[in-house]
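Below are the chains, spelled out letter by letter.
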Amino acid sequence: VQLQASGGGLVQAGGSLRLSCAASGRTFSNYDMAWFRQAPGKEREFVADISWSGGSTYYANSVKGRFTISRDNAKNTVYLQMNSLKPEDTAVYYCAAKQGAESYNYWGQGTQVTVSS
C-alpha cells in the first residue's frame, strides 16, 4: 500500500490542524493505520492508531484529549485532528499501515507540523 500524507503547516500554539493520509494500491480497509512523529534530534514516536474497522483507537499520553484519529474507508483516508497544539508537537508526522499482528511496515513520506509559541 502507498501512503501520501498532507495537511501540515505552521500554526500558533493553541491552534488546530488536520492531517490526512491517502492510501492507494491495496484494500485500505484491510489495514490498521497509525500516526507517528519525529522531532529534530529525537527518535520517532507513536502518536495514535486506529483499527481497520475504525472501532478501536489508541493514543500516546502526550496527545490524549487533544488529538483525534479517524478514518474513512470509502475514501481510503486516515485523519489526525490536532487541537490545542503546543510547541512540543512540532515534528514531521508520518502515517503508517500494517495488517494484523505485523509491525507498521508501510510508511508515508511525512508532513511537517510547526507550532510557534
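Owing to the predicted nature of the structure, the values given are computational and were not obtained by experimental measurement.

Caption draft 1: Structural context of the state of the cysteines. Taken as a whole and judged by the stated rule, the model has 1 disulfide. Each sulfur of the disulfide joining Cys21 and Cys95 lies 2.1 Å from the other. Its torsion about the S-S bond being 60°, the disulfide of Cys21 and Cys95 is classed as right-handed. Of the two residues, Cys21 is situated in strand S3 (residues 17–24) and Cys95 in strand S9 (residues 91–98); the sequence distance between them amounts to 74 residues. Of the two residues, Cys21 and Cys95, neither departs from the other in class, the shared state being buried.

Caption draft 2: Structural context of the sheet that holds strand S8 (residues 77–82). The 4 strands are arranged S1-S3-S8-S7 in an open sheet whose pairing can be described as antiparallel. With partners counted over all chains shown, the strands left at the sheet margins are strand S1 (2–6) and strand S7 (67–72), one partner each. With direction set aside, neighbouring strand axes in the sheet form an average angle of 15°. Sheet topology note: the S7/S8 ladder contains 6 bridges and is antiparallel. The residue bridging Ile69 from the neighbouring strand is Leu80, located in S8.

Caption draft 3: Molecular detail of the packing of aromatic side chains. Under the criterion given, the structure shown has 5 aromatic pairs. Judged by centre distance (5.7 Å) and plane angle (70°), the ring pair of Phe36 and Tyr104 falls under edge-to-face. In this pair, Phe36 sits in strand S4 (residues 32–38) while Tyr104 sits in the loop between S9 and strand S10 (106–107), placing the two residues 68 residues apart along the sequence. Here Phe36 matches Tyr104 in class, with each residue buried. Among the aromatic residues, those joined into a cluster by ring pairs are Phe36, Phe46, Tyr58, Tyr104 and Trp107. Geometry around Trp107 places Arg44 over its ring, the cationic atom sitting 3.8 Å from the centre. Directly above the aromatic system of Phe28 lies the positively charged group of Arg71, at a separation of 4.4 Å from the ring centroid.

About the thresholds
Residues numbered from 1 in each chain as written. Predicted model: local features only at pLDDT ≥ 70, side-chain atom pairs only at ≥ 80, totals over all residues. Heavy atoms only, no water. Disulfide = S-S within 2.5 Å. Helix = DSSP H or I, 4+ residues; strand = E, 2+ residues; numbered from the N terminus. Buried < 20%, exposed > 50% of the residue type's maximum accessible area, 1.4 Å probe, protein only. Pairing = 2+ DSSP bridges. Axes fitted to C-alpha atoms, helices over the stretch in contact; angles between N-to-C directions. Phe/Tyr/Trp six-rings, centres within 6.5 Å; stacked < 30°, edge-to-face > 60°. Lys NZ or Arg CZ within 6 Å of the ring centre and 35° of its normal.

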